[in-house]
Amino acid sequence: MVRSRHDRGTPVVPPRPSLVDLHSHTTRSDGTVEPAELVRAAAAAGVRILAITDHDNLAAPRELLADPRGLAAGFELVPGLEINTVVDGGGPRWGGELHVLGLGVDPGDDAFEAILAAQRDRRRERFVRTLDRLRAAGMPLDDLVAALPPDERTALGRPTVARLLVAKGHARSVQDAFERIVGAGMPGYVPRDGIGPAAAIAAIRAAGGLPVLAHTADAAERRPRIEELRALGLGGLEVHYRRYDAETVASVAAVATALRLVPTGGSDFHGDGETYAEAHAAIWVPVDDLDALHAALEERAYIDEARTVTAWGGR
């Protein structure tokens, strides 16, 4: 969950409801809605192509694709995920991590699932250490953690902790919890442990997906590092992010064009304090982004008919 500071310029006004959302989360990681509920809400809002990108977890697309009759006619689910990678020597400018989306991955790839399982194990370890720190700071959450449904314990993250802090009255909102308690340098912060961006990019490619750098508002400043990642196999850059202003969209788009990276976009919906319909109202992802993604996946033979639910048409 990222709160961009690049949202104070000219607002992006969607010319019409967006048909595409390539970044969203469910209860299978740190979102608040069930996968089937998210699909229904997205379809009702007018979305026709949705990528569920839970952290280190492909459970949602596996569940939904196991019985695609639950998906509305003309609705496409793109299997995806988000990996929060650790950047060695990143320092404050990089926040110690980069988020890499994997779009169009094979949910049945066993080798990829083994990598993701190890990532989830590290997430759980971090979660436990965070609870320890909060307990020492006089903010125990053990009773609320014990009450979490099993499905919500697979890819625990700071948003989950933030919601529990709100429920306990230690924070006014999820954002307040991040800013005062679990954000970097705060009493409840524990540094992340996990794979680096190069390993994540390689794993996503091996699983048939397109690696996309997520919500990098200052892409122009980071261009040298993004060029390095492109040389390692990075294939896309999230250009149309819900919290970007128009100037930021233009700046990130220029980097994507210059480096020949596929532009993508999405809501990064988690469900904190808003419905999907409310989040969708602020999204604008051009259909051209989807065409570019599809072309990239086809060109690299990353997808086949068995991996898609419907044709990439009807747009």
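Computed from a predicted model, the values in this text were never measured in an experiment.

## Some thoughts on the nonpolar core
And step 1. Membership of the largest hydrophobic core comes to 34 residues, with the highest contact counts inside it found for Leu50, Ile52, Phe75 and Tyr276.
And step 2. By residue number, the principal contributor to this core is helix α1 (residues 35-45), which donates 5 residues.
And step 3. Other than its neighbours up to four places away in sequence, Ile52 contacts Ser24, Thr26, Leu38, Val39, Ala60, Leu64, Leu77, Val78, Gly80 and Leu81.
And step 4. Counting 31 residues, the second largest nonpolar core, distinct from the first, contains Leu58, Val87, Ile226 and Tyr241.

## Side note on the packing of aromatic side chains
And step 1. Inspection of every chain in the model, using the stated rule, returns 2 aromatic pairs.
And step 2. Ring geometry for Phe269 versus Tyr276: centroids 5.3 Å apart, planes at 80°, classification edge-to-face.

## Quick notes on the confidence of the model for the protein chain
And step 1. For the protein chain, mean pLDDT is 88; residues scoring 70 or higher make up 89% of the total.
And step 2. Segment residues 1-5: pLDDT under 50, and 21 contacts once partners within four positions in sequence are set aside and those in other chains are kept.

## Some remarks on the packing of helix α4 (residues 110-136) against helix α6 (residues 158-167)
And step 1. Between α4 and α6, the least distance of the axes is 10 Å, while the angle of their chain directions is 30°. The pairing of α4 with α6 is recorded here as roughly parallel in orientation. By crossing handedness, the relation of α4 to α6 is classed as right-handed. Residues Arg126, Phe127, Thr130 and Leu134 of α4 form the contact with α6, whose participating residues are Arg158, Thr160, Val161 and Leu165.
And step 2. Considering only residue class, the contact of α4 with α6 consists of 4 nonpolar, 2 polar and 2 charged.

## Brief notes about unusual backbone geometry
And step 1. Positioned with a positive phi, His215 is a non-glycine residue whose angle comes to about 25°.
And step 2. The residue His215 is located in the loop between β5 (210-213) and α9 (223-231) in this model.
And step 3. In this structure His215 comes out as buried when scored by relative accessible area, which is 13%.
And step 4. Here Asp268, not a glycine, exhibits a phi torsion of approximately 55°, which is positive.
And step 5. Topologically, Asp268 is positioned in the loop between β7 (262-266) and α11 (276-280).

## A look at helix α10 (residues 246-258)
And step 1. Compared with an ideal rise of 1.5 Å per residue, which puts 13 residues at 18 Å, α10 spans 18 Å between its outermost C-alpha atoms and is within 8% of the ideal.
And step 2. For α10, the full list of buried residues reads Thr248, Val249, Val252, Val255 and Ala256. The buried side chains of α10 occupy one side of the element, clustering within an arc of 130° when seen end-on.
And step 3. Taken together, the buried residues of α10 touch β6 (236-241).
And step 4. Measuring from the backbone nitrogen of Glu247 back to the side-chain oxygen at the start of α10 gives 3.3 Å, which picks out Asp245 as the cap.
And step 5. Just beyond α10, the residue with positive phi is Arg260, at close to 55°.

Rules used throughout
- Along every chain, residues carry numbers that run from 1 in the direction the sequence is written.
- In keeping with the predicted nature of the model, local features appear solely for residues at pLDDT of at least 70, side-chain atom pairs appear and are counted solely at 80 or more, and the whole-chain, interface and lining totals rest on all residues.
- To get the side-chain values, all heavy atoms of the structure are used, and hydrogens and water are removed first.
- Nine residue types can take part in a nonpolar core, namely buried Ala, Val, Leu, Ile, Met, Phe, Trp, Tyr and Cys, and a core is a set of them joined through side-chain atoms within 4.5 Å.
- Any residue under 20% of the maximum accessible area for its type is buried, any over 50% is exposed, and the rest in between are partly exposed; the area is computed with a 1.4 Å probe on protein chains only.
- Each helix is a run of DSSP H or I of at least 4 residues and each strand a run of E of at least 2, with the numbering of both proceeding from the N terminus.
- Throughout, a contact is declared for two residues whenever any of their heavy atoms are within 4.5 Å.
- Between rings of Phe, Tyr and Trp, where Trp is taken as its six-membered ring, a pair exists when centres lie within 6.5 Å; planes separated by under 30 degrees are stacked, by over 60 edge-to-face, and by other angles tilted.
- Known as pLDDT, the predictor's per-residue confidence is scaled from 0 to 100.
- Between N-to-C directions, angles cover 0 to 180 degrees, with each direction set by a line fitted to C-alpha atoms, over the stretch in contact for helices.
- Any angle from 65 to 115 degrees is called roughly perpendicular, while one under 35 is roughly parallel, one over 145 is roughly antiparallel, and all others are oblique.
- Crossing handedness is read from the near helix: turned anticlockwise from the far helix by less than a right angle, it gives a left-handed crossing, and turned clockwise, a right-handed one.
- Residue polarity follows a fixed list, in which Ala, Val, Leu, Ile, Met, Phe, Trp, Tyr, Cys and Pro are nonpolar, Asp, Glu, Lys and Arg are charged, and the others, Gly among them, are polar.
- One fewer than the residue count of a helix, multiplied by 1.5 Å, yields its expected span.
- In this description, one arc is meant: the one made by directions from the helix axis to the C-beta atoms.
- N or O atoms closer than or at 3.5 Å make up a polar contact, with two conditions inside protein: a donor-capable atom paired with an acceptor-capable one, and, for residues adjacent in sequence, both atoms drawn from side chains.

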